[in-house]
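Here is what each chain is made of, one letter per residue.
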Amino acid sequence: FGIGDVQIFGFVFRNQLRKLVGSLLEGFKLYQQSEDYKPSKLLLHTNWLEGWDIPRFIKEFDLKNEDVLTTFVCGHCKHFHISEFTGPQRDCPNCGSQKGCRTPGVDFGLTEEQLNLVYNLMDFYIHPITSGGLEMPLVEAMMSGLPVATVDYSCGSEFTDSGLVEKID
């Protein structure tokens, strides 16, 4: 995907207000400023047109656009690619369809095989939420063998209290 030799923190989610997207971006900025920082990117696999105004958070926390990646998928050829967000639509690098690519949503997304590739790009999975039922991306990330960070309340406690993930205080 041309991302380079960096570690990738990822979050697969529906861009809903109960997801702590602003807190995640602020935490990523704090990590970049820490002495433990290693070259990293934050991959947000979501629809950027619903819910949180992610570009506003990027600007608010003084992040570089190229450090926050997203998934684009073509409505014509179904090819997907990962890159920085430059707008809701873009030309497809595979079939050339003008403005044929957009970020995934509930009505349009990746195949299971493609989504597996997205998880396999990640080095760490972070799932910051205020509430939820069964959060499938948490299950998918764990099934991919990723280290997972989530909250220890609401549905997150199903994972942190299960022994499936290491609880860190």
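This text follows the structure it describes.
All residue numbers here refer to positions counted from 1 along the written sequence of the relevant chain. At least 70 in pLDDT is required for a residue's local features to be given in this predicted model, at least 80 for side-chain atom pairs to be given and counted, and no such filter applies to totals for whole chains, interfaces and linings, which use all residues. As a convention, hydrogens and water are excluded, and side-chain values are obtained from all of the structure's heavy atoms.

Chemist: Help me understand the overall build of the protein in this model?
Modeler: Scanning the protein from terminus to terminus reveals five helices and eight strands. Here's how the labels work: a residue is buried when its accessible area is under 20% of the maximum for its type, exposed when over 50%, partly exposed in between, all with a 1.4 Å probe on protein chains only. Burial analysis of the protein (169 residues in total) assigns 46% to the buried set. The contact definition used throughout considers only heavy atoms, calling two residues in contact when any of these lie within 4.5 Å. Across the protein, contacts joining residues at least 24 apart in sequence account for 57% of those joining residues at least 6 apart. Accessible areas in this description were obtained via Shrake-Rupley with a 1.4 Å probe; residue shielding takes into account the shown protein chains only. Of the roughly 9000 Å² of accessible surface on the protein, a fraction of 50% belongs to carbon and sulfur atoms. Secondary structure follows DSSP: runs of H or I at least 4 residues long count as helices, runs of E at least 2 residues long count as strands, and numbering of each begins at the N terminus.

Chemist: What am I meant to see in helix H4 (residues 136-143) here?
Modeler: Side chains of residues three or four places apart in an α-helix project in the same direction, reflecting 3.6 residues per turn. Along H4, the positions that sit buried rather than exposed are Pro 137, Leu 138 and Ala 141. Down the axis, H4 shows its buried residues gathered within 105 degrees of arc, on one side only. Positive phi appears at Gly 145, one or two residues downstream of H4, with a value of about 80 degrees. Picture the helix axis, draw a direction to every C-beta atom, and the arc is the one those directions span.

Chemist: How do you make sense of the pairing of strand S2 (residues 40-45) when you look at a structure like this?
Modeler: Every regular strand shows the same layout, with side chains that alternate between the two sheet faces. Of all the six residues making up S2, six are buried; the element is thus mostly covered by neighbouring parts of the structure. Being paired, for any two strands, means DSSP has found at least two bridges between them. Where strand S1 (residues 7-12) meets S2, six bridges bridge the pair, whose relative direction is parallel. Counterpart to Gly 10 in the pairing with S2 is Leu 43. Consider the strands pointing away from the viewer: the crossover is right-handed when the path from the first strand over the helix to the second runs clockwise. In this region the chain leaves S1, passes through helix H1 (residues 21-32) and returns to the parallel neighbour S2; the handedness of that crossover is right-handed. As defined by bridge partners, S2 adjoins strand S3 (residues 68-74) across three bridges and the pair is classed as parallel. Counterpart to Leu 43 in the pairing with S3 is Leu 69.

Chemist: I tried to follow unusual backbone geometry on my own but got confused; where do I start?
Modeler: Excluding glycine, residues mostly have negative phi values, and the peptide bonds linking residues are mostly trans. Phi is positive for Asp 62, which is not a glycine, with a value near 55 degrees. Summarising the element assignment, Asp 62 is placed in the loop between helix H2 (54-60) and S3. At Lys 78, a position not held by glycine, the phi torsion is positive, near 70 degrees. Within the secondary structure layout, Lys 78 lies in the loop between S3 and strand S4 (80-84).

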